[in-house]
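Observations on the three-dimensional arrangement
Residue strings, one per chain:
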Amino acid sequence: MTALDAVSVIRAKRDGAALTDAQIDWVLDAYVRGEVAEEQMAALAMAICWRGMDRREVARWTAAMIDSGRRVTIPDLDRPTVDKHSTGGVGDKITLVLTPLVAACGAAVPQLSGRGLGHTGGTLDKLEAIPGWRSDLTKDQFEAQLRDVGAVVAAAGPDLAPADARLYALRDVTGTVESIPLIAASILSKKIAEGTGALVLDVKVGSGAFMKTEEHARELAETMVALGTDSGVRTAALLTDMSAPLGRTAGNALEVAEAVEVLAGGGPADVVELTLALAREMLTLVGLDRVDPADVLADGRAMDVWRRMVTAQGGDPDAPLPVAAEHHEIRAETSGVLTGVDAFAVGIAAWRLGAGRARKENPVSAAAGVTLRQSRGDQVRAGDVLAVLATDDAARIPGAVDALAEAFTVGPAAEPVPPLIRGRVG
């Protein structure tokens, strides 16, 4: 009989063995109950990071995390349900546009989102920049809004995959965030527990993403698509570029303003392109592919749903967004073509300005962030403004400036820009 104690489980994975179903079920349940200590789970996470997991192990680990809490029961609706999840990037405000857009196309979008950590922003932090908007909804409020509006973005709540919530925080401080099995199980446990019928994954690749190479991004996408499919959720994934920030803003209120600009028919071309690509994937999965989301975005129907969605959660869609007290310009030192904008550096700068947090419990500034004045391929002259930093605390500016010291590359001629959509899985 397989031993069910923390040290035996750690040793098994350390030595390269596949964990049994019983070991996985026991260790996650015992961790939530406090029987497995933090240092023991940290050791197991490191062993998994080093040794990996096979498909059966990842599926069982995911199921055990789901079973550690409740499952959301989606009410009977007159429309199919579909959700989207991004693995995290810089300037990624896509959910803000995509959720009302897909709802306006005829689907229901039950979006349970999270907060930012480190250099990547969180959807809830962004929406909370809207005066009055709240993320904490009761079960009845969530279901009523999904039925009436077709779109809801809310906090997952502590009882949704609580094992993952504890393990996520532990991984962040033990150098095990990058483990593909643990990333896949973390994301899919929450999405499967959420109860959606279909799921599209936006797997980022590049300097501003957790997956720096296309090989690792594809491995993560394939693992998650298999997990979703095996659990009865129709699942597909797009690999998308995150070598430069998405759009021109990184920061909570700044990104909300840019999302509203897209909903109004404008906005940066890359934000529009990715939003429409993900919308088409979502609509295809639920049999609504005869609807063209570009038309729905252009004629204002998506904006109408946005306004209803924000209002339903206590927000005022017409209220002015917060504006930072302090601003600082980053200027080009030489003339030429802007050939690179390091997404990771921009994310770190926004974080240092106050837009992000170092620990989950830290507050964030709604107004802080970075606005890019130039994009890759633009001609610039020495002295041109490349970016504007915004913060409520002037003492934060030097650290942000340091983060951007080598973020902008200016060369003599334009260089090829990688495609925004780099692949598809599923």
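Use the structure listed above.
So, a few notes on the structure that sits alongside this text. The shown structure was predicted, so the numbers you read here are calculated from the model rather than taken from an experiment. (Residues numbered from 1 in each chain as written. Predicted model: local features only at pLDDT ≥ 70, side-chain atom pairs only at ≥ 80, totals over all residues. Heavy atoms only, no water.)

Our next topic: the side chain of Asp92. Within the secondary structure layout, Asp92 lies in the loop between strand 1 (83-86) and helix 5 (94-104). Looking at Asp92, its side chain comes within polar contact range of the main-chain nitrogen of Ile94, at 3.3 Å. In contact with Asp92, other than residues within four places in its own chain, are Ser86, Lys126, Asp202, Lys204, Leu246 and Glu255. (Helix = DSSP H or I, 4+ residues; strand = E, 2+ residues; numbered from the N terminus. Polar contact = N/O pair within 3.5 Å; in protein donor to acceptor, adjacent residues only side chain to side chain. Contact = heavy atoms within 4.5 Å.)

This brings us to the pairing of strand 5 (residues 234-241). The buried count for strand 5 comes to 7 of 8 residues, which makes it a mostly enclosed element. On the question of chirality, the crossover connecting strand 4 (residues 198-205) to the parallel strand 5 by way of helix 10 (residues 214-230) is right-handed. Pairing geometry for strand 5 and strand 13 (residues 421-425), over 4 bridges, is antiparallel. Looking across to strand 13, one finds that Leu238 is bridged to Arg424. (Buried < 20%, exposed > 50% of the residue type's maximum accessible area, 1.4 Å probe, protein only. Right-handed = clockwise from strand over helix to strand, strands pointing away. Pairing = 2+ DSSP bridges.)

Here Gly132 shows up in the loop between helix 6 (123-127) and helix 7 (139-148). The class of Gly132 is exposed, set by a relative accessible area of 55%. Spatially, the C-alpha atoms of Gly132 and Ala108 are 24 Å apart, while their sequence positions differ by 24 residues. Excluding residues that lie within four positions of it along the chain, Gly132 makes contacts with Gln313, Gly314 and Gly315.

Running from N to C, helix 5 and helix 11 (residues 252-263) cross one another at 35°; their axes reach a closest spacing of 8 Å. Two packed elements cross with a definite hand, and for helix 5 against helix 11 that hand is right-handed. The residues of helix 11 that touch helix 5, namely those facing Leu96, Val97 and Pro100, are Glu255, Val256, Ala259, Val262 and Leu263. Looking at the contact of helix 5 with helix 11 residue by residue, the classes come out as 7 nonpolar, no polar and 1 charged. (Axes fitted to C-alpha atoms, helices over the stretch in contact; angles between N-to-C directions. Left-handed = near helix turned anticlockwise from the far one by under 90°. Nonpolar A, V, L, I, M, F, W, Y, C, P; charged D, E, K, R; others polar.)

The final tally for this structure, using the stated rule, is 0 aromatic pairs. Positioned above the aromatic ring of Trp50, the side-chain terminus of Arg51 is 4.4 Å from the ring centre. Above the ring of Tyr31, the side-chain terminus of Arg166 is found at 4.2 Å from the ring centroid. (Phe/Tyr/Trp six-rings, centres within 6.5 Å; stacked < 30°, edge-to-face > 60°. Lys NZ or Arg CZ within 6 Å of the ring centre and 35° of its normal.)

Below, the discussion takes up the pattern of salt bridges. Under the defined criterion, the tally for this structure stands at 26 salt bridges. A salt bridge links Lys204 to Asp202; the shortest N-O distance between them is 2.9 Å. For the pair formed by Lys204 and Asp202, the shared burial category is buried. In this structure, the salt-bridge partner of Asp241 is Arg376, at a minimum N-O distance of 3.6 Å. Of this pair, Asp241 sits in strand 5 while Arg376 sits in the loop between strand 9 (369-372) and strand 10 (379-380); the two residues are 135 residues apart in sequence, bridging distant segments of the chain. Owing to a relative accessible area of 4%, Asp241 belongs among the buried residues under this scheme. Linked through salt bridges whose partners overlap, the residues forming this network are Asp21, Asp25, Arg56 and Arg60. (Salt bridge = Lys/Arg side-chain N within 4 Å of Asp/Glu carboxyl O.)

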